[in-house]
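Structural features, examined
Given next are the chains, with one letter for each unit.
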Amino acid sequence: MYKKDQSLTPLFDGLLNHAATNPTQFHIPGHKKGSGMDPRFCEFIGENALSIDLINIAPLDDLHHPQGMIREAQDLAADAFGADHTFFSVQGTSGAIMTMIMSVCGPGDKIIVPRNVHKSIMSAIVFSGATPIFIHPEIDSELGISHGITTGAVKKALAAHPDAKGLLVINPTYFGISANLKEIVNLAHSYDVPVLVDEAHGVHIHFHEDLPLSAMQAGADMAATSVHKLGGSLTQSSVLNVKDGLVNPDRVQSIISMLTTTSTSYLLLASLDAARKHLAVNGHDLVDGAVKLAERTRDRINDIPGFTCYGIEMLNDHAIYDMDPTKLTISIKDLGINGYDVETWLREKYQIEVELSDLYNILCIISFGDNEETTDRLIEALTALSEEQLSHIKKGERKHVSVHVPNIPTLALSPRDAFYSETESILLRESAGRVSAEFVMVYPPGIPILIPGEIIEEENLSYIGKNMDAGLPVQGPEDASLTYIRVIREHKPIT
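These notes cover the structure that comes with them. Keep in mind that what you see is a predicted model, and the values were worked out from it rather than measured.

Quick look at the overall build of the chain
The helix and strand inventory of the chain stands at 15 helices and 20 strands. For a compact globule of 495 residues, the expected C-alpha radius of gyration is about 23 Å, and the chain comes in at 24 Å, within 12% of that figure. Considered along the principal axes of its C-alpha atoms, the chain spans approximately 70 × 65 × 50 Å. Burial statistics for the chain: of 495 residues in total, 55% are counted as buried.

The structure is reproduced here in structure tokens:
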């Protein structure tokens, strides 16, 4: 299956061997293996971790120009993920996503993207000066969330914009939904358009045949893959997988280096090396256990009044072509409260933290770090909440909650032009009809309600207000209170 010995961890072992020599350090970091930091913090972190919190001295290689142990670790990762090249990212998947886009797009270049993209994608479009060609994702009227893009929509976009420099696909989405990625890749490649995949929530899918195809398995050209989310590495560590052909790997190395700190964290890098080994050697069995646990948990949730946890019955041949069952999207609209209320109740009553909540759902992730004990606690808590909440609702009084997702606003200016335009700050409630100069999003998941350059509509303002009233974390504008928003300044004609 693999060409290389995936049981090796050259980077992690190299760091351990270096630390074992107990060198006297006259270089940064200044804590010098912990002796120069707050004792309480030092004791908590531990000597082992601090001994390999190092910098790119000669024996340890350099992420910006890898020739030794980092190069070996990245080559092993490329073999594990089916890529021709893998680049480690200590700037999270956001850094890898920005690298993908800036590697293929410059000012004025077109890039085809779904509108339900993460803020890092829109940030990269602003930085690169690219022009987004939006594909509207399929909206789920039951859950109030966006799914994938259809092959039909991709075909239309490519036919209309054959000069696009890239097509970006989310696979899988935050909620675990995948489109027909292989067919989308084939369509794009027929136009010589590279396919860039936001695989932030799909590191594990590559290692099990019952999960959606990974980006590399589908033949995509680049994939920003978040190892820390579901693959066992430390938070902020990710990889960028690249295939030869339509993308220049030397250009990718140059861009990722521009976006990466020169003080790269060897703790993060070592965790990527170790996580890759764990996935390659044990991943199939680990993912298999997580999938089975998730399916049992889904069935149990569906037995609790007031909750619905959708599964493979959602699948179709379009935007919901496949799904990752380890993502539990739990609809709570029949309880008469919103998702944020449920999230807060679970935290305060059971010390349970969910991945996200929105107006109509909560999202729980099952990974190979879970077991029957953790899922039993979730079922216990949801059962208690159901009994408590439904006891207040008399028989026959349960009302159907209508799900509303606003229309995508019209893009009047490129995001870059809007971001760098002359702006003014006005009351958010009076901004309908104006062109936004800022992002507005609920984070997580970080999908913008508004992006720079879009015309603000009353419907968007109503949706923002609904999320704020529910206590959801709406963010983006300079004014954290969201009383004001920056819009493009309007100049009155000279008479």
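Here the narrative resumes.
Points about a nonpolar patch on the surface
Side chains of Phe41, Phe44 and Ile45 sit close together on the surface and give an oily, nonpolar patch of about 350 Å² of accessible area. For Phe44, the location among the structural elements is in helix α2 (residues 39-45).

Notes on the pairing of strand β3 (residues 131-135)
Where strand β2 (residues 110-114) and β3 come together, five bridges link them in parallel fashion. Looking across to β3, one finds that Ile111 is bridged to Pro132. In terms of handedness, the path from β2 via helix α6 (residues 119-128) over to β3 forms a crossover that is right-handed.

Observations concerning the side chain of Ser237
Summarising the element assignment, Ser237 is placed in the loop between α9 (227-230) and β10 (238-242). For Ser237, a relative accessible area of 0% gives the class buried. A distance of 2.6 Å separates a polar atom in the side chain of Ser237 from a polar atom in the side chain of Ser233. The residues touching Ser237, leaving out its near neighbours within four places in the chain, are Ser89, Val227, His228, Leu268, Ser271 and Leu272.

Here we look at the sheet that holds β2
Read across the open sheet, the seven strands follow the order β1-β10-β9-β8-β6-β2-β3; overall the sheet is mixed. What marks the edges here is a single partner per strand, and that holds for β1 (85-89) and β3. For this sheet the average axis-to-axis angle between neighbouring strands, irrespective of direction, equals 20°.

Looking at unusual backbone geometry
The omega torsion of the bond from Ile28 to Pro29 falls at 5°, within 30 degrees of zero and hence cis. By secondary structure assignment, the location of Pro29 is in the loop between α1 (10-20) and α2. Here the bond from Asn171 into Pro172 is cis, since omega is -10°, no more than 30 degrees from zero. Along the chain, Pro172 turns up in the loop between β6 (166-170) and β7 (177-178). Of note in the backbone geometry, Asp192 takes a positive phi value of approximately 60° without being a glycine. By the secondary structure assignment, Asp192 is in the loop between α8 (181-189) and β8 (195-199). The phi dihedral of Gln236 is positive, around 95°, even though this residue is not glycine. Here Gln236 shows up in the loop between α9 and β10.

Observations concerning the sheet that holds strand β18 (residues 447-450)
Strands sit in the order β18-β17-β19 across an open sheet of three strands; the sheet is antiparallel. In this open sheet, the two edge strands, each paired with only one partner strand, are β18 and β19 (474-475). Bridging between strand β17 (residues 440-442) and β19 involves two bridges; their strand directions are antiparallel. Residue pairing for β19: Val442 is matched across the bridge by Val474. The strands that helix α15 (residues 458-469) touches are β17, β18 and β19; relative to β18, the one it contacts most, it runs at about 125°.

Topic: the nonpolar core
Counting 30 residues, the largest nonpolar core has Ile101 and Met222 as the members making the most contacts within it. Those elements that place two or more of their residues in this core are α5 (92-104), β2, α6, β6, β9 (222-225), β10 and α10 (249-259). When residues of this core are assigned to their parent elements, the largest contribution, six residues, is made by α5. Not counting the four nearest positions on each side in its chain, Met222 is found in contact with Met100, Ser103, Val104, Val195, Leu196, Val197, Met216, Leu240, Asn241, Val242, Val247 and Val252. Of all hydrophobic cores here, the second largest spans 27 residues; its members include Ile55, Ile57, Leu63 and Ala77.

Some points on the side chain of Thr375
With respect to the helices and strands, Thr375 occurs in helix α13 (residues 372-390). For Thr375, the contacting residues outside a window of four places in its chain are Leu293, Thr297 and Ile366.

A look at helix α4 (residues 69-81)
Side chains that are three or four residues apart share a direction in an α-helix, a result of its 3.6 residues per turn. With 13 residues, α4 should reach 18 Å at 1.5 Å per residue; the first-to-last C-alpha distance of 18 Å fits that figure. Extensive coverage of α4 is indicated by the burial of 10 of its 13 residues. Every buried residue belonging to α4 is among Met69, Ile70, Ala73, Gln74, Leu76, Ala77, Ala78, Asp79, Ala80 and Phe81, and all of these are buried. Looking at the packing, one finds that the buried side of α4 touches α1, β1, β10 and α11 (266-301). Trailing α4 by a residue or two, Gly82 shows a phi angle of about 75°, which is positive.

Considering the pattern of salt bridges
According to the stated counting rule, one finds 16 salt bridges in the structure shown. Close ionic contact of Lys110 with Asp163 constitutes a salt bridge, the shortest N to O distance being 3.3 Å. With a gap of 53 residues between them, Lys110 in strand β2 and Asp163 in the loop between α7 (151-160) and β6 connect regions that are remote in the sequence. Taking relative accessible area as the criterion, Lys110 reaches 24% and is therefore assigned partly exposed. On the accessibility criterion, Asp163 (44% relative accessible area) is partly exposed. Across the pair Glu454 and Arg115 runs a salt bridge, and its minimum N-O distance is 2.8 Å. Placement of Glu454 in the loop between β18 and α15 and of Arg115 in the loop between β2 and α6 is noted, with a sequence separation of 339 residues between them. This pair shows no difference in class: Glu454 is buried, exactly as Arg115 is.

Rules and cut-offs
- Residues numbered from 1 in each chain as written.
- Predicted model: local features only at pLDDT ≥ 70, side-chain atom pairs only at ≥ 80, totals over all residues.
- Heavy atoms only, no water.
- Helix = DSSP H or I, 4+ residues; strand = E, 2+ residues; numbered from the N terminus.
- Rg over C-alpha atoms; globule rule 2.2 N^0.38 Å.
- Buried < 20%, exposed > 50% of the residue type's maximum accessible area, 1.4 Å probe, protein only.
- Patch = residues over 30% accessible without salt bridge, like charges linked within 9 Å, V, L, I, M, F, W, Y side chains within 5 Å.
- Areas by Shrake-Rupley, 256 points an atom, 1.4 Å probe, with all protein chains shown as cover.
- Salt bridge = Lys/Arg side-chain N within 4 Å of Asp/Glu carboxyl O.
- Pairing = 2+ DSSP bridges.
- Right-handed = clockwise from strand over helix to strand, strands pointing away.
- Polar contact = N/O pair within 3.5 Å; in protein donor to acceptor, adjacent residues only side chain to side chain.
- Contact = heavy atoms within 4.5 Å.
- Axes fitted to C-alpha atoms, helices over the stretch in contact; angles between N-to-C directions.
- Core = buried A, V, L, I, M, F, W, Y, C linked by side-chain atoms within 4.5 Å.
- Expected span 1.5 Å × (residues − 1).

Fair warning: the whole summary comes from geometry, so function is off the table for now.
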